[in-house]
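# Results of the structural survey
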Amino acid sequence: MFGLLITGVFFIGVVGGQQNASDASLSSAQGYEGSKVFSSVIANDRIYHDFLELRSQRKIAFLNDLMREKTSTLYFLVLQEDVVMVGERLQALGIPFYVVEEDLQSLLARENGGPQMFSNGLLEDGPFDLISYPSYAQILKHIDFYVKDPLRGKHVSKFIIGESYQGRPIVGVRFNRGHSEDKAVIFFECGIHPREWISITTCAWMIHEFSSNAAKYRDILDVYEVRIVPSANPDGYEYTKTHRFWRGNLRPSEKNPRCKGVDINRNFDVGEFCGPGTSQDPCNEEYCGDSPFSEPESHALKNAILVVQDRLHYYISLHAYGQLWMYPHSYTTEDAKDHERFHRKASAGARAIREMSGKNYTVGPIAQTLYAVTGSSVDWAYEHGARNAFVIELPPTQAEARGAMGFIVMPDKIQSIAQSTFHGIRAMIKSD
Ligand SMILES: [Zn+2]
């Protein structure tokens, strides 16, 4: 399956002469020249803990979630300046590893169609033209276009749920055909993890469709009010222009001024705070924060949920990647009281996508499919009124992604992923 098994000695010989000084951090775009993606099989707990240790020393970044019930392959990023050291360390530990991506930098260039990130492919004013990834400013501009356009704007309005740490408005779009104040609500949250760009563009695509082709979606829009927050962590999203694999927000740590960023999806007050699947180390990308809702982005989402909690029928959080259609709980492996309905609905969504595109989704509770994590938005929404709550990890599968190609999705796939995902969501909502 993998191209090349590298032994430590050979590996060091190959890369030893190529080292250049680099001041990159693990998520810095400037530093990806010469950086590589490796994989290792996590054959036992000891190996898993060795990798956690390497990660806590910031020598590697994990590029995939580990699956609970199978022997997992871990894909991880190593910057050029750490390649030799990590190779030696793994060799000393007796852990085999493979190179799966030699040239990360060129993948990133292809993802953006060249060195000018976020700059091309969008009209100055007009509907989304998702042939490249929009900046947050462009997303806001397009939302304003829809809201102000008299042909579309009648059922489209904008709402602001709060401000990010750096002061960006966190914007949502509301679709309310018939202007009823008591319709059941479907709430979409995208981009809580900013490196998952395809999540953000899938929400952008839905905003376009509901704004421009409302009549096509009367089955949804006549029955439900739809609320979409396309970029729940806008500081993080802007930061991924230069730090492509950034996961948290941008709050600097008081405990450790060298580090910044809280994982917003670990900062909700549900389950043990900073429990399993999180980190209390501010330098770790899964840092849970100083206290529940310490972050303006999680606080904003909390309030946005509370506003509609009495009529919240679906809370849907889009992530990338893995092709997983999951539901609560994430903080415990115990079944949720609505487990059977969740499973039925998730299966209906997955089936519709399989029939349309041939893509297979894995369906299951979050903690039983991946590892348990505390403080997630979807668990909190479920405990505070959402009748149904889902996390959808968009394509590709982990096996297809081989690490880097999970977060890096070429722009020509944006439309088809958004379309098939929405097709599945629509089938799920109309099921049973
Ligand atoms: Zn995510």
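Source: prediction; values computed, not measured. (Residues numbered from 1 in each chain as written. Predicted model: local features only at pLDDT ≥ 70, side-chain atom pairs only at ≥ 80, totals over all residues.)

One can describe the packing of helix H6 (residues 197-212) onto helix H15 (residues 414-430) by two numbers: an axis separation of 9 Å at closest approach and a directional angle of 70°. As far as their axial angle goes, H15 and H6 are roughly perpendicular. In this structure, H6 crosses over H15, and the sense of that crossing is right-handed. Packed against H6, whose contacting residues are Ile-198, Thr-201, Thr-202, Trp-205 and Met-206, the element H15 presents Ile-414, Gln-415, Ile-417, Ala-418, Thr-421 and Phe-422 at the interface. Along the lines of polarity and charge, the residues of the contact of H6 with H15 split into seven nonpolar, four polar and no charged. (Axes fitted to C-alpha atoms, helices over the stretch in contact; angles between N-to-C directions. Helix = DSSP H or I, 4+ residues; strand = E, 2+ residues; numbered from the N terminus. Parallel < 35°, antiparallel > 145°, perpendicular 65-115°, else oblique. Left-handed = near helix turned anticlockwise from the far one by under 90°. Contact = placed C-beta atoms within 7 Å. Nonpolar A, V, L, I, M, F, W, Y, C, P; charged D, E, K, R; others polar.)

According to UniProt, the feature "active site" (unreviewed entry) maps to Glu-393 in the numbering used here. Assignment of secondary structure puts Glu-393 in strand E13 (residues 388-394). Leave out the neighbours within four places in its chain, and Glu-393 touches His-319, Ala-320, Tyr-321, Gly-322, Gln-323 and Leu-324. (UniProt positions renumbered as here; feature names shortened; annotations may be inferred.)

Time to look at the nonpolar core. By size, the foremost hydrophobic cluster in this structure holds 118 residues, and its most contacted members are Phe-187, Phe-188, Tyr-315 and Ile-316. Per-element accounting of this core gives the leading share, nine residues, to H6. Here this core spans two domains, and each of domain 1 (4-102) and domain 2 (136-430) adds at least three residues to it. Once residues within four sequence positions are removed from consideration, Phe-187 is found in contact with Arg-227, Ile-305, Val-308, Leu-312, Tyr-314, Tyr-315 and Ile-316. (Core = buried A, V, L, I, M, F, W, Y, C linked by C-beta atoms within 7 Å. Buried ≥ 20, exposed ≤ 12 C-beta atoms within 10 Å, placed from the backbone. Domains from an automatic or database assignment.)

What follows deals with the packing of helix H10 (residues 339-357) against H15. Between H10 and H15, the least distance of the axes is 7 Å, while the angle of their chain directions is 140°. Judged on the interaxial angle alone, H15 and H10 are oblique. The element H10 and its partner H15 pack so that their crossing is right-handed. Where H10 abuts H15, its residues Lys-345, Ala-346, Ala-348, Gly-349, Ala-350, Ala-352, Ile-353, Met-356 and Ser-357 lie against Ser-420, His-423, Gly-424, Ile-425, Ala-427 and Met-428.

Right, let's talk about the environment of Lys-241 for a bit. Tracing the chain through its elements places Lys-241 in the loop between helix H8 (234-239) and helix H9 (296-307). Spatially, the C-alpha atoms of Lys-241 and Arg-195 are 9.3 Å apart, while their sequence positions differ by 46 residues.

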